[in-house]
Amino acid sequence: MQALLPPSSNHLKISHVPTRITRLAPTRLAVVKCAYRSDAVHFHNGIGSSRADWQSSCAILASNVVSQQPQPPPDKPGTADHVASVNGHKTNVDLDLVPIEKLSSSSSGDDKSCSPPPPPRALTITDLSPAPMHGSQLRVAYQGVPGAYSEAAAGKAYPKCEAIPCDQFEVAFQAVELWIADRAVLPVENSLGGSIHRNYDLLLRHRLHIVGEVQLPVHHCLLALPGVRKEYLNRVISHPQALAQCELTLTKLGLNVAREAVDDTAGAAEFVAANNLRDTGAIASARAAELYGLEILETGIQDDSSNVTRFVMLAREPIIPRTDRPFKTSIVFAHDKGTSVLFKVLSAFAFRNISLTKIESRPHRNRPIRLVSDSNEGTAKHFEYLFYVDFEASMAEVRAQNALAEVQEFTSFLRVLGSYPMDMTPWSPSRGD
Ligand SMILES: O=C(O)C(=O)C[C@]1(C(=O)O)C=C[C@@H](O)C=C1
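Residues numbered from 1 in each chain as written. Predicted model: local features only at pLDDT ≥ 70, side-chain atom pairs only at ≥ 80, totals over all residues. Heavy atoms only, no water.

- An unreviewed UniProt entry annotates the protein chain as Arogenate dehydratase of Prunus dulcis.
- We quote the UniProt Function (unreviewed entry) comment for the protein chain here in full: "Converts the prephenate produced from the shikimate-chorismate pathway into phenylalanine."
- The record held by UniProt for the protein chain lists under Pathway (unreviewed entry) the comment "Amino-acid biosynthesis; L-phenylalanine biosynthesis; L-phenylalanine from L-arogenate: step 1/1." (UniProt positions renumbered as here; feature names shortened; annotations may be inferred.)

## Quick word on the overall build of the protein chain
Part 1: Scanning the protein chain for helices and strands turns up eleven helices and 20 strands.
Part 2: Here the protein chain holds 433 residues, and 49% of them are scored as buried.
Part 3: Working note: accessible area of the protein chain is about 20,300 Å², and carbon and sulfur atoms make up 54% of it. (Helix = DSSP H or I, 4+ residues; strand = E, 2+ residues; numbered from the N terminus. Buried < 20%, exposed > 50% of the residue type's maximum accessible area, 1.4 Å probe, protein only. Areas by Shrake-Rupley, 256 points an atom, 1.4 Å probe, with all protein chains shown as cover.)

## Focus on the packing of aromatic side chains
Part 1: Per the counting criterion, the structure on display carries four aromatic pairs.
Part 2: Taking the centre distance of 4.7 Å and the plane angle of 40 degrees together, the rings of Phe 349 and Phe 391 count as tilted. Note that Phe 349 is positioned in helix H10 (residues 342-350) and Phe 391 in strand S19 (residues 385-391), a separation of 42 residues in sequence.
Part 3: A centroid spacing of 6.1 Å and a plane angle of 50 degrees characterise the contact between Tyr 385 and Phe 387, whose relative ring orientation is tilted.
Part 4: In this structure an aromatic cluster arises from ring pairing among Phe 333, Tyr 385 and Phe 387.
Part 5: Directly above the aromatic system of Trp 179 lies the positively charged group of Arg 316, at a separation of 3.7 Å from the ring centroid. (Phe/Tyr/Trp six-rings, centres within 6.5 Å; stacked < 30°, edge-to-face > 60°. Lys NZ or Arg CZ within 6 Å of the ring centre and 35° of its normal.)

## What about the UniProt feature "domain: Prephenate dehydratase" (unreviewed entry) in the protein chain?
Part 1: In the numbering adopted here, UniProt assigns the feature "domain: Prephenate dehydratase" (unreviewed entry) to residues 139-316.
Part 2: Strand forms 33% of residues 139-316 and helix 32%; the C-alpha atoms that close the span are 13 Å apart.

## Quick notes on the site of the ligand
Part 1: Around the ligand sit 13 residues in total, of which Tyr 149, Ser 150, Gln 245, Thr 265 and Thr 309 are the nearest.
Part 2: Here an oxygen atom of the ligand and a side-chain polar atom of Gln 245 are 3.0 Å apart.
Part 3: One nitrogen or oxygen atom from the side chain of Thr 309 is found 2.8 Å from an oxygen atom belonging to the ligand.
Part 4: When the ligand sits alone it has 360 Å² of accessible area, and the protein chains cover 100% of it.
Part 5: Elements supplying a minimum of two residues to the shell around the ligand: helix H4 (149-157), strand S6 (183-190), helix H7 (240-252) and strand S14 (308-315).
Part 6: Split by residue class, the shell around the ligand holds five nonpolar, seven polar and one charged.
Part 7: Among the domains, domain 1 (14-217) and domain 2 (221-306) are the pair contributing at least three residues each to the shell around the ligand. (Near = heavy atom within 4 Å. Polar contact = N/O pair within 3.5 Å; in protein donor to acceptor, adjacent residues only side chain to side chain. Nonpolar A, V, L, I, M, F, W, Y, C, P; charged D, E, K, R; others polar. Domains from an automatic or database assignment.)

## Observations concerning the nonpolar core
The nonpolar side chains of a soluble globular protein tend to be buried, and buried together.
Part 1: If you look at the biggest cluster of nonpolar residues, it comprises 48 residues, and the most contacted ones within it are Tyr 158, Val 185 and Leu 314.
Part 2: Here the element with the most residues in this core is helix H5 (residues 169-177); it accounts for six residues.
Part 3: Residues from two domains meet in this core; each of domain 1 (14-217) and domain 3 (321-421) gives at least three.
Part 4: If you look at the next biggest cluster of nonpolar residues, it comprises 34 residues, including Val 145, Cys 221, Leu 233 and Ala 289. (Core = buried A, V, L, I, M, F, W, Y, C linked by side-chain atoms within 4.5 Å.)

## Here we look at the packing of H10 against helix H11 (residues 398-410)
Two numbers describe a pair of packed helices, the interaxial angle and the distance between the axes.
Part 1: At their nearest, the axes of H10 and H11 sit 9 Å apart, and the two run at 170 degrees to each other. When the axis of H10 is compared with that of H11, the two are roughly antiparallel. Seen from H10, the contacting residues are Lys 344, Val 345, Ala 348 and Phe 349; seen from H11, they are Ala 403, Leu 404, Glu 406, Val 407 and Phe 410.
Part 2: Across the contact of H10 with H11, the residue classes break down as seven nonpolar, no polar and two charged. (Axes fitted to C-alpha atoms, helices over the stretch in contact; angles between N-to-C directions. Parallel < 35°, antiparallel > 145°, perpendicular 65-115°, else oblique. Contact = heavy atoms within 4.5 Å.)

Spelled out as structure tokens, the structure:
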């Protein structure tokens, strides 16, 4: 679907990724300048920024990646490509590698090049907390503009965080990979609208780890400019998921008007207000009405009062799985023989009493079709899939480790996307955000 809105000028966009990433020293990587806030100079220290920490996080990553499709040999350490490939992807960012000696002598005049590198630091319990590593507010990237449900989800996941609006899901991934943000909070499924496929695809394309989930009750409102009545509307705009979640109710309200999809719900409200559109309504949150000066014509217009969207929290490093509270693990796998192995894979969980909470299949983009030739009958063309499975167990549990070891026998590709605490907050479907 085509986005109606021009991109908002205060979003983080692809073109806003850092213009320079500087390798400060053999032991440290930092984003020195970023275009999102041209006044900001961010230095990141702590876990994940020293080589030892990188190694420990890579070790966790390696243990998480049970098997992989063949990868090209790693790039030479110290090169820009190596930095990008450690991050798990190739970027178009122009990496500028500067030796620490140059930087430290020019900044302080001290001869830091003589001092020995700091010893590797052991992981502590605080490394498992969502606190930022650089001593300031946690920066959380989300897709949309202020007032979007994703912003509310970021606030639920990380209270008091600095929420960073991004104009696309992909930008939120990049913001974390490039250290502009510490986390991303992105929707993956809704109880009425189903999966947000784009984010499933991006989870595989990028190397971030799922470190948590939040489920947000989504309470939609029909918004319009002050004084505008329902009868005046000949168009309703919103995010495609929001339009789908309100389809029946809109019809019941007599709003048999054109529906148009835009990038996010709050962006729809902003657009109506900014363009003084008296014939256009927006589906968005009550907070968006307040932020953009619109009136609420109808509230609770989602087709089901228990409308919930599930978001995942993403980080550069995985968290260490635990067993002292309910955990969920998300994996993705594929097999050369397509869907025929699915039963065997799923039985690895069933035999160990591990409940699955979600299965999603997506086209296998590297190999979308499998040809099976039979000299008598011709050629069957099977579609190939990647399977995403969420199960209720922690990777710290032996039964989960054994299940994955068995799954590995049946699959040609298997990756653990994350093992993370389940959202166990009490159920409050009537609460609007
Ligand atoms: O547009 C928004 O406000 C969003 O946060 C996006 C989004 C989605 O992608 O599903 C999030 C929650 C609701 O389900 C509707 C839209």
